[in-house]
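Letter by letter, the chains look like this.
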There are 2 protein chains.
Amino acid sequence: MTVRIAVVGGGAAGMAAASRAKRLLGDKAEVTVFEKGSWISFALCGTPYYIGCRVPTLDMLVHYPLEEFTRRRGINVKLKTIVTEVDPGARQLRYRSLATGEEGVYEYDYLVLATGARPRVPGEWLRYRNVYTLHSLGDADRLRATVVRNDVKRVVVIGGGYTGVEAAENLARLGRRVILIHSGEWLLNKMLDHDMAGELMERAQNAGIELVLGHRVTDIEGAGDIAASVLLDNGERIDGDVFLAASGIEPNTTLAEQMGLKIGETGAVWTNERMETSIKDVYAVGDVAETRDLVTGGRVWWPFATAANKMGFVAGTNIAGGDAVFPGVVRTSAMGAFGLYVAATGLNEEEARRHGFDAVAVKVKAPTKARYMGEPGEILLKVVADAETGKLLGAQAVSSDPSSFWRVNVIASLIWRGATVWDLFSVDVGYWPGLNPVWDPLTIAARLFFRKLGTKP
Amino acid sequence: MTVRIAVVGGGAAGMAAASRAKRLLGDKAEVTVFEKGSWISFALCGTPYYIGCRVPTLDMLVHYPLEEFTRRRGINVKLKTIVTEVDPGARQLRYRSLATGEEGVYEYDYLVLATGARPRVPGEWLRYRNVYTLHSLGDADRLRATVVRNDVKRVVVIGGGYTGVEAAENLARLGRRVILIHSGEWLLNKMLDHDMAGELMERAQNAGIELVLGHRVTDIEGAGDIAASVLLDNGERIDGDVFLAASGIEPNTTLAEQMGLKIGETGAVWTNERMETSIKDVYAVGDVAETRDLVTGGRVWWPFATAANKMGFVAGTNIAGGDAVFPGVVRTSAMGAFGLYVAATGLNEEEARRHGFDAVAVKVKAPTKARYMGEPGEILLKVVADAETGKLLGAQAVSSDPSSFWRVNVIASLIWRGATVWDLFSVDVGYWPGLNPVWDPLTIAARLFFRKLGTKP
């Protein structure tokens, strides 16, 4: 008896689930992946760098070639194929090839829903040929093909989150005039507190990017299928030759809703920590699934690649009869732009207050290594803790040195295990003068907490 | 009533204790530091780089100038002054100036012993003018002054720990022929398992350093006050123009013993987690003090700069009537040489076995970032865990990329909070393609543990 496993979506999470289940079950399983696009196992995080031509070819953004999955791992992959309907009672799905129009029915024992996320853009904006999104390798390819043309002088980027900022940087590197419109008062306003975003914005402007902050795009106007300008909520019009809508994504739950899967409070598919959904033998993984926020204890939608991979791995393990869990996230994220590495974990100060914590925050500006080992970089580090318990709640760091990312990872690891500001002082982070100062910025942050919370619990 | 605080030793730990107590007590305290050398607040970790002329001047190795402590912080500093005797009953100490010969008595309310460590070298070796140690800024200055001379062609370094390896690298950079003699079978054998030391040794040899491993130096021979060769335990003789004895250090407990302080099982001064010794109002901090190993639960002597600073801070806090603790270490350390960053935390595999753990180890060789973001470095990461509980016991990493250091710090933070291999899989380490692969080497290590310990506790 062969176990039949259907995986809908060939991104990170879907391929991780498929690979893991097939590896554990071998010949006992038939695994079939349905992917609407032309690529599987793709790295969406790399698309801004493809646009900027720092990643020369699209296939570099594919983690493994198709043959790795089909020949070596023995997984069936149906590219350019959409799943139109799932009947969870009958355990069968209908699919259609976008290439040939061929339709079919696939009967499964287990279904993994990995349909990912989709750009949150008004449909009418997309009727213009020169309005783009950036949420697939195809999107990246079309956008780059356009912007490298000489007649593209002004690019309007809508959205100042990770994707908008990284895309804006790369478009500016191509020599285009870039106007970045963001509804938040500062860039990356969901990741960083306002007082942490200054240097990034300064560097963006120095790179020639015009920032329009605190305003929402209400409409895009144009003639025929060519957009000419965006209209802001203050009535202002901003012209452009090309427009990139990067104002957010949402879980792609169309199929989940059709199937009758429980949708969680975040709008993504509800899952337990085994990545099971509300329907037996149906798993949801990656950007379509919600998980737990281990800092707040609440539910969270966290569409990031590492979480997606781990969710896929866990689902694949459990389908194969194993027992694995993905407990949730503390919401660690990172990005790079304009020579800065920006990272955050847990709650920022504003979020911590909003969640009802008696939040106390400290901020350190310090060299990243011993001065005598050559000109050090500088790190701006902010740590947030709960005044009542001393528990670490979150951290943000910005530096031209990658250690900002790693210092945030150290705090993420401490938060993961419920550590306090007193742990942050004592925790045995190593020292070597070429890598950090003898009083690491992490330890300095802990000392600043001492002033507010005392030196001992 | 002024509180009188005597600090014996002006290195990292002593100055941290002095500064902290004075800061908290202000005018209510008189703080006097007795330092036998000419510098305080010095960075011994930088001395190898001074020898190699990468740190041009000695004063760059002083964290803060003397005036910072005397004028700004209001601390009395007696340089070139040794404390010859302490009478803890009478709470007084006798000191003598090495510069003027002047002697004096100082009465104290609190004493901080921060006498540090000293090279473990047979006294008779030091009768030769061309045998050096490297445990003070003065040592570094004398050694550099000698080796830059043209007639120094062959330098014999005795000891393949941190100091020996870093000194050997820098001596080789000066164009000297370097022979490194080490009693261990591999370099850094107290830090790394044998299977982690290969690349470092290969690079040392490529840098022109001759390695003589697995042999002990039994004697140094010479004529008059000039040494000519070392004698090995196999009878071999190795000639040299200059000799550096870097075969280890030991706690400098002379004064502690004279005072009658309890010496711990490690040979260093016994302390509790408030850094108090066996005599009331006497504290010991830094390289003279022992602490707790939080992995084994036993006592440990851990003479490293960050621990020293924190011990000093804690002692200073407690002397000032506060309440602070230094719970111990998980033994995180790091070094850099030959373009490699080497870091370790906790127990290596051999140590774990020796301590009676049912140790299981995994090893990962992986790229340090996504390939499409430019040529990645490679990291060799080894993680050790307890097979019975899954608890993380230690990690070692080697890479040309500093992320080896930080990945070890992430594991150190997890060990600090008693985390397991299952935490290592789930812990929310961030991802950005320019900084790590989407499956971070840490997560890959956790997956390898799954094969041995299962996917769930």
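Source: prediction; values computed, not measured.

Cut-offs and rules
Residues numbered from 1 in each chain as written. Chains lettered and ligands numbered in written order. Predicted model: local features only at pLDDT ≥ 70, side-chain atom pairs only at ≥ 80, totals over all residues. Heavy atoms only, no water. Helix = DSSP H or I, 4+ residues; strand = E, 2+ residues; numbered from the N terminus. Rg over C-alpha atoms; globule rule 2.2 N^0.38 Å. Buried < 20%, exposed > 50% of the residue type's maximum accessible area, 1.4 Å probe, protein only. Contact = heavy atoms within 4.5 Å. Areas by Shrake-Rupley, 256 points an atom, 1.4 Å probe, with all protein chains shown as cover. Lys, Arg positive; Asp, Glu negative; His and termini not counted. Charge placed at Lys NZ, Arg CZ, Asp CG, Glu CD. UniProt positions renumbered as here; feature names shortened; annotations may be inferred. Salt bridge = Lys/Arg side-chain N within 4 Å of Asp/Glu carboxyl O. Buried area = accessible area lost by both parts, 1.4 Å probe. Polar contact = N/O pair within 3.5 Å; in protein donor to acceptor, adjacent residues only side chain to side chain. Least-squares fit on C-alpha atoms with pLDDT ≥ 70 in both. Pairing = 2+ DSSP bridges. Domains from an automatic or database assignment. Nonpolar A, V, L, I, M, F, W, Y, C, P; charged D, E, K, R; others polar.

Q: It is not clear to me how the overall build of chain A should be interpreted in this structure. Could you clarify?
A: Counting its regular elements, chain A contains twelve helices and 25 strands. Expected size for 457 residues packed as a compact globule is a radius of gyration near 23 Å; at 23 Å, chain A falls within 12% of this value. Principal-axis analysis of the C-alpha atoms gives chain A an extent of 65 × 55 × 40 Å. Scored against the burial criterion, the 457 residues of chain A give a buried share of 60%. Intrachain contacts of chain A at a sequence separation of at least 6 include 63% that bridge at least 24 residues. Here chain A displays about 17200 Å² of accessible surface, and carbon together with sulfur accounts for 46% of that area. Side chains of chain A give 52 positive and 53 negative charges; the mean places of these two sets differ by 3 Å.

Q: Honestly, the UniProt feature "domain: Pyridine nucleotide-disulphide oxidoreductase dimerisation" (unreviewed entry) in chain A in this entry has me stumped. Any pointers?
A: Within this structure's numbering, the places UniProt gives as "domain: Pyridine nucleotide-disulphide oxidoreductase dimerisation" (unreviewed entry) are residues 340-436 of chain A. Secondary structure across residues 340-436 of chain A comprises 27% helix and 34% strand; the distance between its end C-alpha atoms is 18 Å.

Q: Is there a simple way to think about the UniProt feature "domain: FAD/NAD(P)-binding" (unreviewed entry) in chain A in this case?
A: Following the UniProt record, the feature "domain: FAD/NAD(P)-binding" (unreviewed entry) maps to residues 4-308 of chain A here. Taken end to end, residues 4-308 of chain A is 22% helix and 29% strand, and its two terminal C-alpha atoms sit 22 Å from one another.

Q: Please explain the pattern of salt bridges as it appears in this structure.
A: Residues and elements named next belong to chain B. The tally for this structure, following the rule as stated, stands at 56 salt bridges over all chains. For glutamate 103, the salt bridge goes to arginine 96, with nearest N and O atoms at 3.9 Å. Residue classification places arginine 96 among the partly exposed residues on the basis of a relative accessible area of 30%.

Q: Got a minute to help me understand the interface of chain A and chain B in this structure?
A: Where interface size is given, it is often the accessible area lost as the parts come together that is meant. The interface is formed by 71 residues belonging to chain A together with 70 residues belonging to chain B. Carbon and sulfur atoms supply 66% of the area buried between chain A and chain B, which totals about 6200 Å² over both sides. When the area that chain A buries against chain B is broken down by residue, the three leading residues are Tyr372(A), Trp406(A) and Asp428(A), summing to 14%. Between chain A and chain B we count four salt bridges in total. Across the pair Lys456(B) and Asp323(A) runs a salt bridge, and its minimum N-O distance is 3.5 Å. Inspection of the chain A/chain B interface yields 29 residue pairs in polar contact (both at pLDDT 80 or more). Elements with a minimum of two residues in the side of chain A that touches chain B: helix H1 (12-25), helix H8 (305-319), strand E21 (333-337), helix H10 (403-416), helix H11 (421-426) and helix H12 (441-453) of chain A.

Q: Help me understand the relation of the copies chain A and chain B in this model?
A: In this arrangement, two copies of a chain are superimposed by a rotation about an axis accompanied by a shift along the axis. With an axial shift of 0.0 Å and an RMSD of 0.0 Å, the rotation relating chain A to chain B amounts to 180°. One copy is carried onto the other by what is essentially a two-fold rotation axis. Every residue of chain A has its C-alpha some distance from the rotation axis, and the shortest such distance is that of Val410(A), at 2.5 Å. An overlap of 99% is found between the interface residues of chain A and their copies at the interface of chain B, pointing to a shared contact surface.

Q: Which parts of the structure should I look at to understand the sheet that holds strand E16 (residues 242-245) of chain B?
A: As a general point, the strands of a sheet are linked pairwise by backbone hydrogen bonds and lie either parallel or antiparallel. Residues and elements named next belong to chain B. Ordered by their spatial adjacency, five strands build an open sheet running E9-E16-E10-E11-E12, and the pairing between neighbours is parallel. At either end of the open sheet lies a strand with only one pairing partner, and these are strand E9 (131-132) and strand E12 (209-213). Across five bridges, the pairing between strand E10 (residues 154-158) and strand E11 (residues 177-182) is parallel. What sits directly across from isoleucine 158, in E11, is isoleucine 181.

Q: How should the environment of Leu137(A) be read in this particular structure?
A: Residues and elements named next belong to chain A. As for its placement among the helices and strands, leucine 137 is situated in helix H4 (residues 137-147). With relative accessibility at 2%, the residue leucine 137 sits in the buried group. Here the alpha-carbon distance between leucine 137 and alanine 90, two residues 47 residues apart in the chain, equals 34 Å. Not counting the four nearest positions on each side in its chain, leucine 137 is found in contact with Trp39, Phe42, Ala43, Leu44, Thr47, Leu58, Leu61 and Val62.

Q: So what exactly am I meant to see when it comes to unusual backbone geometry here?
A: Among all residues save glycine, negative phi is the norm, and among peptide bonds the norm is trans. Even without being a glycine, Cys53(A) presents a positive backbone phi close to 65°. Structurally, Cys53(A) can be placed in the loop between helix H2 (47-51) and helix H3 (66-72). On the basis of relative accessibility, which here comes to 36%, the residue Cys53(A) falls in the partly exposed class. A positive phi angle, near 65°, is found at Arg331(B), a position not held by glycine. If you trace the backbone, Arg331(B) turns up in the loop between helix H8 (305-319) and strand E21 (333-337).

Q: Looking at this structure, how should I read the domain arrangement of chain A?
A: Residues and elements named next belong to chain A. Domain parsing of chain A yields domain 1 (3-41 + 59-117 + 250-319), domain 2 (121-247) and domain 3 (339-450). One C-alpha centre belongs to domain 2, the other to domain 3, and the line joining them spans 32 Å. With 13 residues of domain 2 in contact, the opposing surface of domain 3 contributes 17 residues. One salt bridge in this structure joins aspartate 195 and lysine 363, with 3.1 Å as the shortest N-O distance. Along the contact surface separating domain 2 from domain 3 lie seven residue pairs in polar contact (both at pLDDT 80 or more). For the side of domain 2 that touches domain 3, a count of residues per class yields six nonpolar, one polar and six charged.

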